[in-house]
Each structure stands twice: as C-alpha cells, then as structure tokens.
Amino acid sequence: MHDTTTRTTMRLERFVKDWLEPAVLRETRPLDVEAWTVGGEPVPFAEAVRATYAPFTLGSAWGRPWDTTWFHVTGDVPAGWSGDAAPEGTRVELVVDLGFTGAGPGFQAEGTAWTPDGRIVKAVEPRNQHVPLVAGQALDAAGRVDLYVEAAANPDVPGGAWTRPTPMGAWDTAGEAPIYALRTMHVALVDETVWELLQDVRALHGLVRVLPGTTPRAAEVLRALEDMLDAVDQDEVAGTAAAGRAALATVLAAPATASAHRVHAVGHAHIDSAWLWPTRETVRKCARTFSNVLALMDSDPDVTFACSSAQQYAWVQEHYPELFERIRERVREGRFVPVGGMWVESDTNMPGGEALARQLVAGKRFFIEELGVEPKEVWLPDSFGYTAALPQLARLAGSDNFLTQKISWNDTNTMPHHTFWWEGIDGSRVFTHFPPVDTYNAELTAQELARAERQYAEKGRANTSLVPFGFGDGGGGPTREMVAAARRTRDLEGSPRVELSDPQSFFDAARAEYAAPPTWTGEMYLEYHRGTYTSQARTKRGNRRSEHLLREAELWAATAAVRAGAEYPAERLQRLWRTVLLQQFHDILPGSSIAWVHREAERNYAAVARELEEIVDGALRVLVGDGDRPVAVNAGPFARDGVAALGATVLDAARGVRTVAPTPGPDGGWVLENALVRVVVTADGHVTSAVDRASGREAILPGARANLLQLHRDVPNEWEAWDIDEHYRRSTTDLVDAAKVEVVDGASGPALRVLRELGASRVEQDLALAADGRGLRITTRVDWHERQKLLKLAFPLDVRAERATSEIQFGHVHRPTHVNTSWDHARFETVAHRWVHVGEPGFGVAVANDSTYGHDITRTRADDATDAQGARGTTVRLSLLRAPRFPDPDADQGEHELTCELVVGAGIDDAVRHGYALNLPERVVAGDHGVEPLVTVDDDAVVVEAVKLAEDGSGNVVVRLYESRGGRARARVVPGFAHTGVEVTDLLERPFAGAAGEPARDGDAVLLELTPFQVVTLRVRR
C-alpha cells in the first residue's frame, strides 16, 4: 500500500479547521448588549446591578488595562431552539468572545456570567467561551436570556516576551487606551453529535501523531480517520456526523494493552495567588475557575476537582458566599477536593520554621473547620525547590503524601525518581510523587499522555502516575473537552489507560503497587530560578521582620495572659499571620511578581509591623508595670547580656556604649579589638584580618579582602526576576575604592563608616565590633539605581571547608563547596536563613544576616597558593541586591538596609545564637520590674521557636522547640506557671500519635530526649 500519511493528515487538519469546528454551532443569533465601565477597582455585583448601562455595539473597544466593564446581555432564544421543539441532539448556549487574544487562558481578558439575582453561572475564557442557558438560571421565567457578564480587562503582561520591561504591571503605568474589542455575545444552537465527532477526531489524530508511523495501530487509526473524512459531507456536516462517528467506533473501542501505563487524571487549576496580577484579581480568578468547575460537575457526574490553598477558599467565602456554599456541598460529596493543607502554595525555601509550620496549621484548620475535611497530602506543584525540613513538618501536620512538579524544570540534572520516599533532615519520610507528565496544566492530549508513559522512571516496579489537568497559573480549570479526552483514553489501544480520579485514590493505588520505593534524602534543589532568593529585597526583609515580630507578639501576649490575665489577641494574631502567610506565596516572597504585587506587599508588611508593635507594646506595659526604670527585654531563645531567654530584666542604668572604638591601624587603616577578636580594616574599608585571640587563628584568607562588595552583570537567558545564570561570575567588578572612611557614633557606640559610589548608586557601611562579642557587625545601606546588576558581599576565609552549613527551618543542611558532580555544579547559588557556617575541626566562621537569603560559597585559593596546593580557603558571599527588568521594571530600585555579622571562631552553636540575636534585637522599655520566662529549657541545643496560647481558645500554653545542632539532646523544660499536665501534640495541637503517652516528668519539669533536628510541640494545660 502506498504511504498517504502526509496527504491524509493535511486533509484532516483542513477538514477540522474549515468544516468540523465551525459546524459545532449550527446557528448563532446576536443579543442585545449594554455596558457600564467601573473605572477603578472591581465592585460587588450588588453595586454593578444598580448601575446605569448604555447600549454597546459588537466590535466596539472596551477595557482600560486592569479595569472592569460589566455587560448586560438580554434577548430571546429563537423559537424552535429549546423545549419540545428543539432539534434532536442539540443544546442552547451563550457564546462570548471578549476579544480574546493568542495568550493563554488566565493571561488576558476573562469574564464571569451572573444572573440578575446575583448567582454566578460560569466564567467565560479564551478556550471555554460558553455559558449553559438553563431555565431558572441563565434564562428568566419567560425563557429569555438575561445575564450580566463581569469582564476583567486583565492585560497580557509579558506580551510574548519574558525579558522585556513592561508598563502593564501597575495601574498607574499601564495606560488609558482600551485593549480589547467585544467580538461575540450570541445565543448559539450547539450540535452535540458534531461536537462529539470533533472530540473523537482530536483524540485519534493526537494518537496517530505520537505512535510510530510504522506500527499497525498507527496505520489502522489513520485509515479510520480517512474513512471518516469520506463519510462526512463538508456541505452537510450535521447530517453526516453520525456516519463519521460510526467510521471511528471500531478503533476507539480497541482496548489498551495489558502493560499500558495507568494514569489517574485529576481535575485541577493551579491558580497563582498573585503573579502577573494582584491578589484582588486572584479573588475573581477563584470565583471564575470554581464556577467553571461547578458547572462542569452539574453536567458530568464523574468530574472531580482537586483544589489547594485555604486562602483561596477563604476569599470565595468572604466575597462570594453563595458560590462557597455550592462548593461546600460538592466537598461533602467528595467531588470538590481540598488538597495540600496549606494556607497558600508557599515558597518553601525562605519562610522561617514557624511560618512554614503555620502554613500547614492555618490551612488545615480552615479545611477542617469550614469544610469538614483534612487533606492528607502536601500539594506544591510549582514552588521553586523544596526544603529538607518539609517532610517532618508534613508528618507533624498529619500529612503522609507529597506532590510536586517543578523539579521537572531542572536545567542540568534529571530527577531519578517519580514515585519515592522523601526523607528530611530529621529522618521523617513522606510518600512522594513527581508526575512524569511534566506539567500541572495538562489538557490530556495524546502527546502529554505519551510523555507521562515514556518518562515514568519506575517502570518494571510500578506503572501508575498522576496527571493534573486543567488550565492553570491564571486559572480556568478543567474543561468539557479535557473530560471528553479522558473518556476516550480510558481504555484505548496505543494510549495509557486514563481514569478520572482524585489525589487520595492515586496515592492509595501507588502505595499498594509500590511497596518499597527508593528514597531521596535532603532538599530537592531546583536547578533554576536561583535569583528568587534575592529579587525584591524589600519584600524579603518585610517577611523576615514580620516572622520575628509575630514571635515576639505571641510570646509577650501569652506571657501577659498567663502572668496578668490580659486578653490574648487571638483574632488579631490570626489575621496578621494570614497576611504574612499569603505573602509567602511562591511568586510573592520570591520576588517574581509585577510591581503592583510588591508595592502591595510592602504596604502590607508595614501595616503588619505597626499592629504587631502595638501588641508587643501593650503586652510589655502590662508585664513590666508602670515606672521609669530601664527594662531589657529578650524575646530570643538564649540568655544574653544578663537577660534570660524569653524574659526581661531591670537594668541598673541605661545601657551605655556597647561597641569598641576603632583605633588607627597599619597603612592608614583601622583596628577594632576586644578580648575575643582583633579586626584589621584597611584605609579603603576592607577587612584584611580577623583573628580569634584565644586560638590565634586568622579568619581572613591571606592577601584577600573581606567585606568586599562585588558588582556583576546579571542578564539571565530567560526569566529575569527568577534566574541567576552561572555566567554572571565571568563579569565581576570589585568595588575597592572608598569615597570616605571615618569613625562615627552609632546607636550602640562607635563604628567605622565607609562610603562607596558605583554608577548611579551609593553604598554606606557601618562596621562595628561589640565590646564583649566575637561578631563584626556590618550594616550596609544602599541607594540602588543599577539595572540588570547583581551586588554581592564577599568574605574570603582562611578555612578549608569541604562543605558549607546553611540554616534552614528547624535546623541546617550541609552542601559541598566543591563541584565534583553535575549536581554540585548546578547548585551555584543557594538559600540560607539567618546564618551560614564554614569550618575545620576546632575552628570555624559564621556569617549571620538579618534579611538576606541568597548565598554562594566556594572553594578559594590564596594569592600565594601554587597550582599544587589547590584550594586553601572558602569564600562566603551574600547576594544583597538584584535589578531585573521583568516583570517589575523597577525592581529593587531605591533605598535598602541590610545587616550581617562576621562571627570569628564560631561553631554551629555560635551561628545559631548570633542568627537569633541579629534578628531578635533586645528591646529596652520603661517599667517597674522584670518578667520571668514563661518557659525555660536547660540545654542550649534545644531552641524554643514559639510560645503562644492554644489555637482552640482553651488558654493552654503551646511551646514549640527543636534540636538545633544535628545531634541528640536531653532537655529539662520547665513551665513557669501552675499547670495540670503537659502533652506532646502535632502541629495542630492534637495528641501526637508518634508520642508514647505524656512525656517523662521531674516535678513540674518535662524531660525530653530529642533526636537530631526533631521538632516537638508541647501543650501545657493551665
């Protein structure tokens, strides 16, 4: 037989485009349209329905960027289209084209259809343009169309380019001109047989494209499609569509092979809580997506939908209560499935330990209390890498399973597993799936299903994967076309078997199939988007400051409640926590959103800080009493300067000078010296020596300059705000010249001030050494006006470290400083929380910070090293600032203040102490007396991370603590108040199944034995 594949395929593609797709709508009729433009922020339906509307002509322009236009659509359904007179095999729908562009769903105009009584019917979007016209909903009592369409003029922010600066990311720069034109607002008669034929053709055409052309199955399907083309008359598609379906029936009925891959297809819509749109638009995206899903469920009883992020449900509950009640009903049925158990799909690299725990606490409590369900998995398909602390937190929150997708974006190495155990720093494990389909926005095409089968790494041991399907990022969700594709591939030769499913069913099946999966230990580092540790420094500083203020507010409010009977501000704290948790979303905290989002985040952080300071101030006034004596307050977990951890002490007098005075040093430089450390600073402000006086060890690499600011060209290949590409290292400018170096009086005493100028920017640094400490504190103030530049601060250290230690949530990780493997080479920019540490046996150096996350730590040669000597030292560099142009063209421009500390002769324990001290500075308030700690711990390896009152309003005190050094610890925990018992709980403050009854007691004390990095939550019953 001659090969006609190319000719038949060309014929099929033209037939579909020119005849089959147009024939789905037998007839269309325009409706009457009126419009009202909001001219600002969105308004509720109740306000829109009372507005004055004006006639609007199809083809007319509408929609200033980010504005909203409401269309009122009315008209008759033509006689004979509905009821008993309707043609067999047809249905009636409203079809809307708001002027949709080639951009994907969720990245352009979107609409929501409302009934006159304020009920959302469904959304209208680029590839989901229909609204069902159902009597009693979209049709009035007389059978006429009467709907309101809330049309959002959301711009296509990238405009096809992800590197070009755009004005579309903020209301005040996006322009005034309308960007859309209304094309269609028609009532349509849909031919259901033609629509079904179109789905048949799409499924089989896709199958032919992925099957090897030499297989009998590919030839069989191609010939069936050819027969279909012969059977359907393009001049009478409606009348011959049934014959076309009959020509395809046999090949559609051929069953899959016994070894075919099994796919659990889960309806999904990954909705970014903010990204190329502000959070106010996400609220509406949720309503649009969820109404799409509910409409699909109404028409198809087999559809289920998995939806994460308690914040998004809470938005719908607040703004669309009627829609929320419909969701609640579907949740009861098990069809609308809350997943993930987190407040948002957060970044996991940068949130602090307590914050990451609260993501799970806040999310799960909402799902349990408002919807009556508890998700058993953590669902983070799109976050930019996954902390090694997460498995323990997931298990402590009652979750057994984990799903991610983003690791498929790795730029160097391929993840070796798709179903596996993921083990965290403490040894906890979660059953993990990484869908081989490599997308969380699948459409269930043949190409996607074939990719899932081809890439699945567990072949021979297991054969089941999950495919999340539905339009996402900007929302939209699954469509009826996707569900049709699932039905056709349920059992189809040449395709994986596809089952419409839900996450728990998948995990149950995967666990049953794969009893002994492999284990991945430690962090899952994303080899991509490394710039997200640094972009939008003000957002990151706001997060760090908020986390520590929340700690202080809870601690002192709980102490005031227990000690003085003060009211605990539970509702305020919950609201403030939720604000901070929202802003840890994986496109806000990482700095990868439009200007609007980050401006709003900065305003929110400022408001959070004001309110938390009020709570702290009010609680401390109650605790220390009226008076004018200086009282030093320590919210940190370690005693310092004579003040107990978590307590307050009256000072004999106000604290005086606390830093040493710089003295003249060699070559016009300076010396800062105390009993522990001697630091030499050059005349141009660089540190060339930092000696631990007890051991005599030098911390700075010979011949090198520490406190060296370095400027790099920073032009990533693809995603500007997201990426730092390795080639930045090949363009380095050392900022060695100083405009001025002088001694100044700082807040705590003398400091050495260094002024540098670079391009259009200015950097001012204060170097200060505490009178009794081993940390050189460097406060860097930058007025930043560079573009596409990366500013780093370098410390070349005379420490030959094979690995660097970086703080993460509730512990730390070790990462090699060498690049022996491709995995090491790809990890050239890393994340750390409050400190990093490098060391040799007996000597180490830590670098602590107050708001920086991005670091690179490399092996370094001394100036006098020979080729034979290799690396002698280690350079620690902090990534201070970036200046990407997209999606926020003014990212990081303006003033910043960042503080770090070089801690000489430090062990891991010193690093932990200095990290907390830098981020929880001592307060001095006026009062009458000190405050005894609410809880004390006798082992400094065991760190108290949170003290608060219980979430259930019982008044019980909750203490969360962890082992911080990576070893075993025995700790005596003593509540400083009368209590009737102590129990170990999970993160949600429920009795913890992993605890063997109540902990051992010694009088009022609780005796704990902790394993490395173990997190323990105690509920103390008052």
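Check the entry above for the structure.
### A word on the overall build of the protein
Right, so step 1: The helix and strand inventory of the protein stands at 18 helices and 53 strands.
Right, so step 2: By the compact-globule yardstick of 31 Å for 1022 residues, the protein fits well, its C-alpha radius of gyration being 31 Å.
Right, so step 3: Judged by the C-alpha coordinates and their principal axes, the protein covers about 95 × 70 × 60 Å.
Right, so step 4: A buried classification covers 62% of the 1022 residues belonging to the protein.
Right, so step 5: Summing over all exposed atoms, the protein offers an accessible surface of approximately 36,600 Å²; the carbon and sulfur share of this is 48%.
Right, so step 6: Of the side-chain charges in the protein, 107 are positive and 145 negative, and the distance between the mean point of each set is 2 Å.

### Observations concerning the packing of helix H3 (residues 192–210) against helix H5 (residues 237–253)
Right, so step 1: In the contact formed by H3 and H5, the axes pass within 9 Å of each other and the chain directions differ by 35°. The chirality of how H3 crosses H5 is left-handed. Residues Thr-193, Val-194, Glu-196, Leu-197, Asp-200, Val-201 and Leu-204 of H3 pack against Val-237, Ala-238, Ala-241, Ala-242, Gly-244, Arg-245, Leu-248, Val-251 and Leu-252 of H5.
Right, so step 2: Residue classes in the contact of H3 with H5 are distributed as eleven nonpolar, two polar and three charged.

### Some thoughts on the layout of surface pockets
Gaps between atoms show up when a probe of the same size as a water molecule is rolled over them.
Right, so step 1: Of the voids in this model, the second largest pocket is the one considered here, and its volume is about 1,300 Å³.
Right, so step 2: Lining of the second largest pocket is provided by 47 residues; of these, Arg-127, Leu-198, Gln-199, Arg-202 and Glu-481 occupy positions nearest its centre.
Right, so step 3: At the level of secondary structure, the elements contributing two or more residues to the lining of the second largest pocket comprise helix H1 (5–23), strand S6 (90–97), H3, helix H11 (446–455) and helix H12 (480–488).
Right, so step 4: Class assignment of the residues belonging to the lining of the second largest pocket gives a composition of 24 nonpolar, twelve polar and eleven charged.

### Here's the deal with helix H9 (residues 353–371)
Right, so step 1: The first and last C-alpha atoms of H9 sit 27 Å apart over 19 residues, in line with the 27 Å expected at 1.5 Å per residue.
Right, so step 2: Summarising burial for H9: 16 of the 19 residues are buried, a large majority.
Right, so step 3: Just downstream of H9 lies Gly-372, where phi reads positive at about 75°.

### Concerning the packing of aromatic side chains
Right, so step 1: In total, this model carries 38 aromatic pairs according to the counting rule given.
Right, so step 2: Between the aromatic rings of Trp-275 and Trp-722, the centroid separation amounts to 6.3 Å while the plane-to-plane angle is 90°, which identifies the pairing as edge-to-face. Here Trp-722 lies in the loop between strand S30 (708–713) and strand S31 (732–734) and Trp-275 lies in the loop between strand S13 (262–268) and helix H6 (279–299), a separation of 447 residues in the sequence.
Right, so step 3: Among the residues examined, Trp-275 registers a relative accessible area of 7% and is labelled buried.
Right, so step 4: Residue Trp-722 is classed as buried on the basis of its relative accessible area, which comes to 2%.
Right, so step 5: A connected cluster of aromatic rings, assembled from ring pairs, spans Phe-107, Trp-162, Trp-275, Trp-277, Trp-409, Tyr-528, Trp-719, Trp-722 and Phe-886.
Right, so step 6: Above the ring of Trp-195, the side-chain terminus of Arg-91 is found at 5.6 Å from the ring centroid.
Right, so step 7: The ring of Tyr-853 has Arg-544 sitting right over it, with the charged end atom 4.5 Å from the ring centre.

### Some remarks on the sheet that holds strand S50 (residues 981–985)
Strands belonging to one sheet form pairs held by backbone hydrogen bonds; the direction of such a pair is parallel or antiparallel.
Right, so step 1: In space, the four strands of this open sheet follow the order S47-S48-S53-S50, with antiparallel pairing throughout. At either end of the open sheet lies a strand with only one pairing partner, and these are strand S47 (942–949) and S50. Pairwise comparison of adjacent strand axes, ignoring direction, gives a mean angle of 25° for this sheet.
Right, so step 2: In this fold H9 packs onto S47 and strand S48 (957–963), with an angle of close to 45° to the strand it touches most, S47.
Right, so step 3: Across the face of the sheet, helix H14 (residues 537–564) comes into contact with S47 and S48 while running at roughly 60° to S47.

### Comments concerning the sheet that holds strand S5 (residues 68–76)
Right, so step 1: The strand order S3-S2-S5-S10-S7-S8 describes an open sheet built from six strands, whose pairing is antiparallel. The sheet is open, and its two edges are formed by strand S3 (54–55) and strand S8 (120–124), each paired on a single side.
Right, so step 2: Across nine bridges, S5 lies against strand S10 (residues 144–152) in antiparallel orientation. Residue pairing for S10: Thr-69 is matched across the bridge by Ala-151.
Right, so step 3: In the packing of H6 onto the sheet, contacts are made with S5, strand S7 (110–114), S8 and S10, and the angle to S8 comes to roughly 105°.

### A look at empty space enclosed by the protein
Right, so step 1: Scanning all chains against the criterion turns up six cavities of 30 Å³ or more.
Right, so step 2: Space inside the largest cavity adds up to approximately 190 Å³.
Right, so step 3: For the largest cavity, the lining is made up of 19 residues, of which Glu-354, Glu-547, His-548, Arg-834 and Glu-945 are closest to its centre.
Right, so step 4: Elements with a contribution of two residues or more to the lining of the largest cavity: H9, H14 and S47.
Right, so step 5: Per-element accounting of the lining of the largest cavity gives the leading share, six residues, to H14.
Right, so step 6: Within the lining of the largest cavity, the residues separate by chemical class into seven nonpolar, four polar and eight charged.
Right, so step 7: What the second largest cavity holds in volume is close to 60 Å³.
Right, so step 8: Among the residues forming the lining of the second largest cavity, the class breakdown is seven nonpolar, three polar and three charged.

### Section: unusual backbone geometry
Among all residues save glycine, negative phi is the norm, and among peptide bonds the norm is trans.
Right, so step 1: The peptide bond linking Phe-886 to Pro-887 adopts the cis configuration, its omega dihedral lying at 5°.
Right, so step 2: When you line up the elements, Pro-887 lands in the loop between strand S43 (873–881) and strand S44 (894–904).
Right, so step 3: One non-glycine residue with positive phi stands out, namely Asp-473, at about 70°.
Right, so step 4: With respect to the helices and strands, the residue Asp-473 is situated in the loop between strand S20 (464–469) and H12.
Right, so step 5: For Phe-1013, which is not glycine, the phi dihedral falls at a positive 65°.
Right, so step 6: On the secondary structure map, Phe-1013 appears in the loop between strand S52 (1005–1010) and strand S53 (1015–1021).
Right, so step 7: Here Phe-1013 falls in the buried class, since its relative accessible area comes to 7%.

The rules behind the values
- Residues numbered from 1 in each chain as written.
- Predicted model: local features only at pLDDT ≥ 70, side-chain atom pairs only at ≥ 80, totals over all residues.
- Heavy atoms only, no water.
- Helix = DSSP H or I, 4+ residues; strand = E, 2+ residues; numbered from the N terminus.
- Rg over C-alpha atoms; globule rule 2.2 N^0.38 Å.
- Buried < 20%, exposed > 50% of the residue type's maximum accessible area, 1.4 Å probe, protein only.
- Areas by Shrake-Rupley, 256 points an atom, 1.4 Å probe, with all protein chains shown as cover.
- Lys, Arg positive; Asp, Glu negative; His and termini not counted.
- Charge placed at Lys NZ, Arg CZ, Asp CG, Glu CD.
- Axes fitted to C-alpha atoms, helices over the stretch in contact; angles between N-to-C directions.
- Left-handed = near helix turned anticlockwise from the far one by under 90°.
- Contact = heavy atoms within 4.5 Å.
- Nonpolar A, V, L, I, M, F, W, Y, C, P; charged D, E, K, R; others polar.
- 1 Å grid on protein atoms, 1.4 Å probe; cavity = no way out; pocket = protein on both sides within 12 Å on 5 of 7 lines; lining within 4 Å.
- Points joined across faces, edges and corners; volume = space filled by probe spheres on them.
- Expected span 1.5 Å × (residues − 1).
- Phe/Tyr/Trp six-rings, centres within 6.5 Å; stacked < 30°, edge-to-face > 60°.
- Lys NZ or Arg CZ within 6 Å of the ring centre and 35° of its normal.
- Pairing = 2+ DSSP bridges.

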